[in-house]
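# Understanding the architecture of this molecule
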Amino acid sequence: MTDYAQYDDTQLVELLQKRDTLAYTEIYTRFWPTLFRHALRMLRDEDDATDVVQDIFVVLWEKAAALNLSGSLAGYLYRATRNRVIDRIARHKLEQQYLNSLEDYLKQGAPLADEALIASELAQRIEMEVAKLPKKMQRIFSMRQEAQHSYREIAESIGTTEGNVKKQLYNAMKLMKSKFHVLFLMGLWYVLIFLYRHFF
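In short, a report on the structure. (Residues numbered from 1 in each chain as written. Predicted model: local features only at pLDDT ≥ 70, side-chain atom pairs only at ≥ 80, totals over all residues. Heavy atoms only, no water.)

Among all positions in helix α7 (residues 151-158), only Tyr151, Ile154, Ala155 and Ile158 are buried. When α7 is viewed along its axis, its buried side chains cluster within an angular range of 100° and face the same direction. Across from the buried face of α7, at angles greater than 90 degrees, the exposed residues are Arg152 and Glu156. One or two steps after α7, the chain reaches Gly159, where phi turns positive at roughly 70°. (Buried < 20%, exposed > 50% of the residue type's maximum accessible area, 1.4 Å probe, protein only. Helix = DSSP H or I, 4+ residues; strand = E, 2+ residues; numbered from the N terminus. Arc of directions from axis to C-beta.)

Have a look at this one:
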């Protein structure tokens with residue numbers, strides 16, 4: 001059996017371009033620890049660092065056939081890791097800016113540009129996502145949004161506790177936020193405003 005650990009990086013890349021899974025595994029084993037430490041030094045968070053490096057290797061495999069390195073494999077992986085870390089930091093900062101803006105808005109009630117149009121479009125999207133929620137969660141959501149029932153009224157109506165109602169709404173909000181975060185980061189700001197207005 002071939003010992004892939006004996007191959008140099010250039011040979012491994014050539015095999016990787018041919019979709020050789022053992023070459024990919026050797027590259028993964030060889031570079032994961034150092035790339036993880038590299039990402040961790042910049043991010044200072046093990047989960048974030050793990051996600052970054054995992055993404056690097058996913059992309060490496062997906063683009064293996066078209067991989068065309070101008071330098072060493074190590075240099076390519078280090079640059080890719082650094083760039084992804086920078087993107088992640090920038091995205092987190094942007095998200096935090098929107099969350100801070102949301103907090104200011106909720107405190108001050110400042111008007112939003114084109115708020116009516118945005119609210120209308122988001123309402124349609126939210127209705128589509130609400131329809132995908134579990135039935136019990138949908139009912140609680142509807143009672144809170146459409147009928148403006150209190151937590152106590154909802155709890156009495158469906159035979160549960162106020163704590164469970166709050167938990168259901170919290171879980172629903174988390175689901176909604178994750179859906180819209182994937183669709184568009186900018187929308188997160190308006191979605192949160194919509195949800196806070198109607199449900200909290």
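Let us look at helix α2 (residues 21-43). Of all the bends in α2, the greatest reaches close to 45° and is centred on Phe31; the proline Pro33 follows between one and four positions later. When we look at burial in α2, the residues that qualify are Ala23, Tyr24, Glu26, Ile27, Phe31, Trp32, Leu35, Phe36, His38, Ala39 and Leu43. The N-cap of α2, judged by a side-chain oxygen 2.9 Å from the amide nitrogen of Leu22 a few residues on, is Asp20. Among the residues trailing α2, Arg44 stands out with phi positive, at a value near 60°. (Bend = angle between axes of the 7 residues up to and from the residue. Polar contact = N/O pair within 3.5 Å; in protein donor to acceptor, adjacent residues only side chain to side chain.)

Along the polypeptide, Thr81 turns up in helix α4 (residues 73-108). Apart from residues no more than four positions distant in its own chain, Thr81 is found in contact with Leu35, His38, Ala39, Val52 and Ile56. (Contact = heavy atoms within 4.5 Å.)

For any pair of aromatic rings, the description rests on two quantities: the centre-to-centre distance and the angle between the ring planes. Under the counting rule described, the total for this entry stands at 7 aromatic pairs. Ring pairs connect the aromatic residues Tyr24, Tyr28, Trp32, Phe57 and Trp61, which therefore count as one cluster. Taking the ring centre of Trp61 as reference, the NZ or CZ of Arg19 above it sits at 4.1 Å. (Phe/Tyr/Trp six-rings, centres within 6.5 Å; stacked < 30°, edge-to-face > 60°. Lys NZ or Arg CZ within 6 Å of the ring centre and 35° of its normal.)

With respect to the secondary-structure elements, Glu26 resides in helix α2. With a relative accessible area of 15%, Glu26 lands in the buried category. What Glu26 contacts, discounting residues up to four positions off in sequence, is Tyr4, Ala5 and Leu12.

Attention now moves to the environment of Arg152. Within the fold, Arg152 resides in helix α7. Here Arg152 falls in the exposed class, since its relative accessible area comes to 54%. A sequence separation of 10 residues divides Arg152 from Glu162, and the C-alpha atoms of the two residues are 5.6 Å apart.

This model, assessed by the stated rule, comprises 6 salt bridges. Note that Glu26 and Arg30 form a salt bridge whose closest N and O atoms lie 3.1 Å from each other. With Glu26 and Arg30 both in helix α2 and 4 residues apart, the pair spans about one turn of that helix. Between Arg152 and Glu156 there is a salt bridge, and its shortest N-O distance comes to 3.4 Å. On the criterion of helical spacing, the pair formed by Arg152 and Glu156 is a turn pair, its members being 4 residues apart in helix α7. Glu156 matches Arg152 in its accessibility class, with the two residues each being exposed. Salt bridges here are not isolated pairs; linked through shared partners, they connect Asp9, Glu26 and Arg30. (Salt bridge = Lys/Arg side-chain N within 4 Å of Asp/Glu carboxyl O.)

Glancing now at the nonpolar core. Grouped together as the largest cluster of nonpolar side chains are 24 residues, with contacts concentrated most on Leu16, Ile27, Phe31, Val53, Phe57, Leu60 and Leu77. Sorting the residues of this core by element identifies α1 (9-17), α2, α3 (46-62) and α4 as the ones contributing at least two each. When residues in this core are grouped by element, the largest group, 9 residues, is from α2. What Phe31 contacts, discounting residues up to four positions off in sequence, is Asp9, Phe57, Leu73, Ala74 and Leu77. Judged by nonpolar contacts, the second largest core, of 13 residues, contains Val130, Phe141, Ile154 and Leu169. (Core = buried A, V, L, I, M, F, W, Y, C linked by side-chain atoms within 4.5 Å.)

Distances and angles like these do not, on their own, reveal function.
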